[in-house]
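Notes for the structure review
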There are 2 protein chains.
Amino acid sequence: MQTVFFENRPGILATGTIVGRAEKSGPLGKHFPVWFEDDKFGEKTFELCERKMLHNAITQALEHAGLESEDIDIVLSGDLMNQLISSNYAVRGLDCAFAGVYGACSTMAETLLFGGILTDGGHFRNAVCCTASHFASVERLFRFPLELGTQRTPTCQWTVTGAGALVVSRDRAGSAKGEKKPVLTCGTFGKVVDYGVTDANNMGAAMAPAARDTILAHLKERGVEADYYDMILTGDLGYLGSSILNDLMNEKSCPIDKIHSDCGMLIYEQVHDCRGGSGAGCSASVLSSYIWQQLRKGKLNRVLFVATGALLSTVSVQQKDSIPCIAHAVAIENL
Amino acid sequence: MQTVFFENRPGILATGTIVGRAEKSGPLGKHFPVWFEDDKFGEKTFELCERKMLHNAITQALEHAGLESEDIDIVLSGDLMNQLISSNYAVRGLDCAFAGVYGACSTMAETLLFGGILTDGGHFRNAVCCTASHFASVERLFRFPLELGTQRTPTCQWTVTGAGALVVSRDRAGSAKGEKKPVLTCGTFGKVVDYGVTDANNMGAAMAPAARDTILAHLKERGVEADYYDMILTGDLGYLGSSILNDLMNEKSCPIDKIHSDCGMLIYEQVHDCRGGSGAGCSASVLSSYIWQQLRKGKLNRVLFVATGALLSTVSVQQKDSIPCIAHAVAIENL
């Protein structure tokens, strides 16, 4: 059994989102009220910018929920930097407990799963679930520093510069304007799936089998058909990976093309050197802004959020290992 | 509130431990039945060795619990390698869900907290909680490759080559030989604490304040005095850090010197270039072997396990940041 059921239906109280210039000028631009113009948000390094974004998203989420940091029992966060430094430093000033989790670009779903479990089981009242990524800090960590001007491969995706935070609570969101009150109903932890892909510039292809594995496990264990959901929203498969996922689902006679969306496709248009967005901040910023707004308005009512992660490092690539991947899923619904 | 209470008292069913040669020849040697002689456990690289140790510890724990991998709902693991590659690759062949968590050397306690919550809340039946570290892989990642022959500083600790795994379950351990059945009763998530230490070769000093913060929060929120416990067992403060912790506790009129032990002091004797053990595998291997055996025999009945972690990375050190630290605590008791 990989699926956990939240009997007490923890609510999502509010969210916070911040993005960079490229994301603001993309198709979802109007859904990102908070953004910054320069590459570093006024900081000296890309890494300092990343942690500042994360702190900003957390602060926004608390403000929107009408909470202070002392109302928060725990912050659950992770990021792509080595040893999760963006998360560790972002929460340093906050007076609440912290737990670091890591699932690469699936981190947003993993934090929501743990946030759901902690509040559903009655262990805690309020948890902030969040993550962030920055295009330039990830490029220099996993690929090449931007200064080299390296040509991009035809399959590569762009790491989103952005952060997202959601407040998960035993309580429900308010609805002064007749808005819906989205809750977490259940979720599925992924297994590590490795189809032998070794190209670190083709993450979508590496991650698609993990997404299929988790979606199929979720539907089976919950006992519903795919069309139970208004939307199955993958994290950052991008244009290529999403197309592979649809083929893989068809193979299993479980087509999802009519209800499938991907955060990496929503946030960037496809151009010759960008096959969609990626990075932990991709699914975090799209879920906490556009998707959250659609849920609140009732335009979406049953979303299965399936964030995917490639669990490699530069060392594992250099030592010629293939790329193990994982997808964690969480169901967000208006009841 | 940082403390979670486990009303259903999840049991620890069994453990698995493996260590290297230095640990086998240390003071706890006779408590480590499984060990290896060469530096790499027959593998080509230190990193491959680390993941093999972790896989070995998991396999042992399952065997001792009489379980197959399909009986396990989830493996909770993390490690010091960038992007947690040891954990990601160690579970690749296991047919169960996985969640990566990261708390540096506090990871063992963090996985136990999540394992406790998942089984206590009824979400899952069995979870494997584990972590590992390797002296040589950590030295080259965080400090200097061994090949350089760099002189060690007077405050430095030695990263333990070892792995530990514990099976946490809704069920209780068997007791064919009249052994006790240790359970998790409660635990406390730490806050990020940073006293401005910048010396990455003096981890014990950096982490001691975090240990104090979590111990005091735990005792207050649980409403017990320190001497409620037979043992307050810190993870890897080592000889220097433990002495600092005792001073810090005395300052708060809460002396713990009579009941305090430290895994980093238990595993290595103090010599001129080693102020005790460190690394995620330090507390994991000591808890899952010697301490577990003492609990099973009833020689210890109430242990507060407080693993400490330094949440730095090479990038944060190079960018002149101080070292944020955290300590997570979990109470393991015979009822």
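You'll find the structure just up there.
Okay, so let's go over this structure. All values derive from a computational prediction rather than experimental measurement.

**Topic: the pairing of strand β3 (residues 74–79) of chain B**
Residue and element names in this part refer to chain B. Extensive coverage of β3 is indicated by the burial of six of its six residues. Neither face of β3 is open: one carries Ile 74, Leu 76 and Gly 78, the other Val 75, Ser 77 and Asp 79, and all of them are buried. The sheet contact formed by β3 and strand β4 (residues 97–102) spans four bridges and is parallel. Along β4, the bridge assignment pairs Ile 74 with Ala 97. A crossover connection joins β3 to the parallel β4 through helix α3 (residues 85–90); in handedness this β-α-β unit is right-handed. Note that β3 and strand β5 (residues 126–133) share six bridges and pair parallel. Following the sheet pairing, Gly 78 is matched in β5 by Thr 131.

**Let's talk about the nonpolar core**
Counting 92 residues, the largest nonpolar core has Phe 189 of chain A together with Phe 189 of chain B as the members making the most contacts within it. With 79 residues, the next largest nonpolar core counts Ala 61, Leu 67 and Ile 72 of chain A together with Ala 57 of chain B among its residues.

**What about the interface of chain A and chain B?**
Tallying the contact residues gives 59 residues for chain A and 59 residues for chain B. Approximately 4400 Å² of surface area, both sides summed, lies buried where chain A meets chain B, with 57% of it carried by carbon and sulfur atoms. The tally of links from chain A across to chain B stands at eight salt bridges. Across the salt bridge formed by Arg 92 of chain A and Asp 194 of chain B, the nearest N and O atoms sit 2.6 Å from each other. Here chain A and chain B share 30 residue pairs in polar contact (both at pLDDT 80 or more) between them. Ranked by residue count, the leading element in the side of chain A that touches chain B is strand β4 (residues 97–102) of chain A, at six residues. Broken down by class, the residue content of the side of chain A that touches chain B amounts to 33 nonpolar, 15 polar and eleven charged. Two strands pair when backbone bridges link them, and β4 of chain A and β4 of chain B are joined in this way by three bridges, in the antiparallel orientation.

**Focus on the relation of the copies chain A and chain B**
Expressed as a screw transformation, the operator carrying chain A onto chain B has a rotation angle of 180° and an axial translation of 0.0 Å, and the superposed copies differ by an RMSD of 0.0 Å. Here the transformation between the copies is reduced to the relation of a two-fold axis. Every residue of chain A has its C-alpha some distance from the rotation axis, and the shortest such distance is that of Val 101 of chain A, at 2.0 Å. Here 100% of the interface residues in chain A have copies in chain B that are interface residues too; the copies meet face to matching face.

**So, the state of the cysteines**
The tally for this structure, following the rule as stated, stands at zero disulfides over all chains. Cys 274 of chain A takes part in no disulfide bond, and the closest cysteine sulfur to it belongs to Cys 156 of chain A, at a distance of 7.3 Å. For the unlinked cysteine Cys 96 of chain B, the closest cysteine sulfur is that of Cys 130 of chain B, found at 9.6 Å.

**Some words on the pattern of salt bridges**
By the definition in use, this model includes 29 salt bridges over all chains. Glu 251 of chain A serves as the salt-bridge partner of Arg 212 of chain A, at 3.2 Å between the closest nitrogen and oxygen. Of the two residues, Arg 212 of chain A sits in helix α6 (residues 203–222) while Glu 251 of chain A sits in helix α7 (residues 238–251), which places them 39 residues apart along the sequence. A relative accessible area of 8% means that Arg 212 of chain A is categorised as buried. Take Glu 251 of chain A: its relative accessible area is 59%, and that puts it in the exposed class. Asp 321 of chain A is the salt-bridge partner of Arg 92 of chain B, the closest N and O atoms lying 3.7 Å from each other. Taken together, the residues span two chains, with Arg 92 of chain B in the loop between α3 and β4 and Asp 321 of chain A in the loop between α10 (314–318) and β13 (325–333). Exposure remark for Arg 92 of chain B: the relative accessible area of 26% places this residue in the partly exposed category. The exposure class assigned to Asp 321 of chain A is buried, which follows from its relative accessible area of 14%. Connected via shared salt-bridge partners are Arg 51 and Arg 92 of chain A together with Asp 194 and Asp 321 of chain B.

Conventions used here
Residues numbered from 1 in each chain as written. Chains lettered and ligands numbered in written order. Predicted model: local features only at pLDDT ≥ 70, side-chain atom pairs only at ≥ 80, totals over all residues. Heavy atoms only, no water. Buried < 20%, exposed > 50% of the residue type's maximum accessible area, 1.4 Å probe, protein only. Helix = DSSP H or I, 4+ residues; strand = E, 2+ residues; numbered from the N terminus. Pairing = 2+ DSSP bridges. Right-handed = clockwise from strand over helix to strand, strands pointing away. Core = buried A, V, L, I, M, F, W, Y, C linked by side-chain atoms within 4.5 Å. Contact = heavy atoms within 4.5 Å. Buried area = accessible area lost by both parts, 1.4 Å probe. Salt bridge = Lys/Arg side-chain N within 4 Å of Asp/Glu carboxyl O. Polar contact = N/O pair within 3.5 Å; in protein donor to acceptor, adjacent residues only side chain to side chain. Nonpolar A, V, L, I, M, F, W, Y, C, P; charged D, E, K, R; others polar. Least-squares fit on C-alpha atoms with pLDDT ≥ 70 in both. Disulfide = S-S within 2.5 Å.

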